[in-house]
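Residues per chain are reported as follows:
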Amino acid sequence: MQASEYPESPGFKAAGTSQEAAQAIAGHARNLRARVLGAIASEPAGLSADAVADRLGASILSVRPRVSELHRSGEIRRSEERVRNSSGMNAAVWVVSPPLQNDGGAQ
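The structure displayed is predicted, hence computed values, not measured ones.

(A) Structural detail: helix α2 (residues 49-56). Among all positions of α2, only Ala49, Asp50, Val52, Ala53 and Leu56 are buried. Looking straight down α2, one finds its buried side chains confined to an arc of 160°; they lie on one side. Residues of α2 that are buried make contact with α1 (17-41), α3 (60-72) and β2 (90-96). Following α2 by one or two positions, Gly57 has its phi on the positive side, about 65°.

The following block contains the structure:
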């Protein structure tokens, strides 16, 4: 997979199982990414990836990469808040990024 496809398409770090997993989710990733963004946008204070997975009834293993893709594309950002996840670790709380400001320049 070419780097230019990420984050629009699932990425992988190495050929093998990582690549196979990315290819397996590719058909569903866009829809799940939209659902993840919708869940985060529905909560003004934001949500952790674990909370998003719980709300969507989805595996955290499929939600975390979608959060990474949304972050990489600039659609969400980390808030200053952290919460405990199911493993007892501190986890980032994600919020929707503000839209880019139009500086009045050429379009």
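What follows picks up the thread again.
(B) Structural context of the pairing of strand β1 (residues 76-84). The pairing of β1 with β2 spans six bridges and is antiparallel. The partner of Ile76 across the bridge, within β2, is Val96. The antiparallel hairpin formed by β1 and β2 contains five residues in its connecting segment, where Gly88 sits at a positive phi of about 85°.

(C) The arrangement of the pattern of salt bridges in detail. Tallying each qualifying case throughout the model produces four salt bridges. Ionic pairing is found between Asp50 and Arg64, a salt bridge with its closest N-O pair at 3.5 Å. Of this pair, Asp50 sits in helix α2 while Arg64 is found in helix α3, placing the two residues 14 residues apart along the sequence. The salt bridge partner of Glu69 is Arg66, with a shortest N-O separation of 2.7 Å. Pair noted here: Glu69 and Arg66 are both in helix α3, with a separation of three residues, about one helical turn. Across this residue pair, the class does not change: Glu69 and Arg66 are buried. The structure contains a network of salt bridges with shared partners spanning Arg33, Arg66 and Glu69.

(D) Expanded view of the packing of α1 against α2. With their axes 10 Å apart at the nearest point, α1 and α2 run at an angle of 110° to one another. The pairing of α1 with α2 is recorded here as roughly perpendicular in orientation. Here Leu32, Arg35, Val36, Ala39 and Ile40 of α1 come into contact with α2, specifically with Val52, Arg55 and Leu56.

(E) Inspection of the side chain of Ser79 at higher detail. Tracing the sequence through the fold places Ser79 in strand β1. Residue classification places Ser79 among the buried positions, given a relative accessible area of 19%. Of note is the side chain of Ser79, whose polar atom sits 3.1 Å from the backbone nitrogen of Glu81. Beyond its immediate stretch of four places on either side in the chain, Ser79 contacts Val93 and Val95.

The rules behind these values
Residues numbered from 1 in each chain as written. Predicted model: local features only at pLDDT ≥ 70, side-chain atom pairs only at ≥ 80, totals over all residues. Heavy atoms only, no water. Buried < 20%, exposed > 50% of the residue type's maximum accessible area, 1.4 Å probe, protein only. Helix = DSSP H or I, 4+ residues; strand = E, 2+ residues; numbered from the N terminus. Arc of directions from axis to C-beta. Contact = heavy atoms within 4.5 Å. Pairing = 2+ DSSP bridges. Salt bridge = Lys/Arg side-chain N within 4 Å of Asp/Glu carboxyl O. Axes fitted to C-alpha atoms, helices over the stretch in contact; angles between N-to-C directions. Parallel < 35°, antiparallel > 145°, perpendicular 65-115°, else oblique. Polar contact = N/O pair within 3.5 Å; in protein donor to acceptor, adjacent residues only side chain to side chain.

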